[in-house]
Amino acid sequence: MNELQQITNAFQDACTRGEAVALATVVAVSGSAYRRPGARMLVSDEGRRVGSVSGGCLERDVVRHASRSIASGKAVLRLYDSLDEDLAEGFALGCNGAVLVMIEPVNAVVNHHIQFQADCLQRRSRGAIATVYSAPGPSASELGARVSQVEGGPMCATGLAPGPLREALESAVAGALQQGRGGNWSWTTDVGTVSALLEVVTPPLRVMVFGAGHDVEPLVEFGQKLGWSMEVVAHNGGFGTRQRFPAADVVHLGSPADAVAELKPDGDTVVLLMSHNFPLDVAAFQAIVPVRPCYIGLLGPRHRALRLLDEAAAQGTIVDDALHACIHGPVGLDIGADTPAEVALAIVAEITAALRGRSGAAARLRQGPLHLTAPLDQPLRTTHHTAQDVVCGLYNS
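The model shown is predicted, which means the values in this text are computed figures rather than measured ones.

1. Some details on the sheet that holds strand E7 (residues 146-150)
In sheet architecture, strand pairing relies on hydrogen bonds along the backbone and comes in two forms, parallel and antiparallel.
Inference 1: With antiparallel pairing, five strands are arranged side by side in an open sheet as E8-E7-E6-E10-E9. Edge strands, defined here as strands with exactly one partner in the open sheet, are strand E8 (155-158) and strand E9 (183-189). Each strand axis lies, on average, 20° off the axis of its neighbour in the sheet, ignoring direction.
Inference 2: As paired elements, strand E6 (residues 127-134) and strand E10 (residues 192-201) share seven bridges and run antiparallel to each other. Across the sheet, the residue bridging to Ala130 is Leu198, located in E10.
Inference 3: The sheet strands contacting helix H3 (residues 108-123) are E6, E7, E8 and E10, and the helix crosses E7 at an angle near 15°.
Inference 4: Here helix H4 (residues 164-179) sits on the sheet and contacts E6, E7, E8, E9 and E10; the angle it forms with E6, its principal contact strand, is near 135°.

2. Examining the packing of aromatic side chains
Inference 1: If you walk through the whole model with that rule in mind, you get zero aromatic pairs.
Inference 2: Geometry around Phe278 places Arg307 over its ring, the cationic atom sitting 3.8 Å from the centre.

3. Some remarks on the sheet that holds strand E12 (residues 229-234)
Inference 1: The strand order E13-E12-E11-E14-E15-E16 describes an open sheet built from six strands, whose pairing is parallel. Looking at strand neighbours, the two that pair on one side only are strand E13 (250-253) and strand E16 (327-328), the edges of this open sheet.
Inference 2: Of the strand pairs in this sheet, strand E15 (residues 295-298) and E16 are connected by two bridges, and their pairing is parallel. Bridging across to E16, Ile296 finds its partner in Ile327.
Inference 3: Across the sheet, helix H7 (residues 278-288) is in contact with strand E11 (206-210), strand E14 (269-273), E15 and E16; its angle to E14 comes to roughly 160°.

Analysis parameters
Residues numbered from 1 in each chain as written. Predicted model: local features only at pLDDT ≥ 70, side-chain atom pairs only at ≥ 80, totals over all residues. Heavy atoms only, no water. Pairing = 2+ DSSP bridges. Helix = DSSP H or I, 4+ residues; strand = E, 2+ residues; numbered from the N terminus. Axes fitted to C-alpha atoms, helices over the stretch in contact; angles between N-to-C directions. Contact = heavy atoms within 4.5 Å. Phe/Tyr/Trp six-rings, centres within 6.5 Å; stacked < 30°, edge-to-face > 60°. Lys NZ or Arg CZ within 6 Å of the ring centre and 35° of its normal.

See below:
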């Protein structure tokens, strides 16, 4: 279960119990920071928390202000700047950056956000949401106002009156959903600038593993801890197959063709061929090619991968250049993996790197920041403010 799922479930459980909670969100970052904009932490009035907004250096202070926000019923902004570290408070940042955190008690706009997350998870659909964290005054927008859209659904808004600002945010949300990425957004009004965080939410990564050997067990466990939806396809049900994969969302017993027909993977699915049975892997590859998954991993040495592709081609399977670029064989990063757990680690790491457009090389070799947020294309009208600018320039009234 990933952080998005954990926060959604914890919020719903707290509401059921009648427990007061606040939602803390990283809305802007300047320089380096452990977490990026969109990181969240749910805090109860008793100090319990789910999620995180830093590597641990900010949480205590955020919890304290969350309690005050719950008591007052008002949202607050907190700026944490490593250039002005307050060691007595115990939240000195080690990343040489500034982090702006918005803390909101439960209200209509927070309910909107959690419902949006729940809809994305339940429908397994992408969605985009805008959260206003800076406005020149209450007449422009409520702090924390949201505009959202789940793919294929209507545009929804809370905390915003109909008018040009709402229309501009709706346009920004639609554009972010179409482009598949978010970022910082601003819009200039007659009385000042409104700033918002745009986020694109995707459903948990779906991973279909053909094979049920002992090396699949740690892979499924790793994937489950990352919040991925793990599906195991086994040719037969011997050796207590279902019992060996308690972390799997699905354990399908049968042929690869039957599994594809029943489970209906799509182009966003990661597929791993790990049966240790060459004919079965060929059959699985042939069954999955028409789906055109985003990633296909082939367990085993390079010559086995080449032989598998040749055999599939000989049986009429056509692999074009675009699909060939998604095939990883041998699967996994080169970390010298030997044990099943190490092999699983190498595979999970490569999947993560590939889907994020990274090489998987050592972080110390990277030129530039580890986290790089691409600017939004027009007509989303992006501008960038540092956290200091946002607080001092827009909230000192």
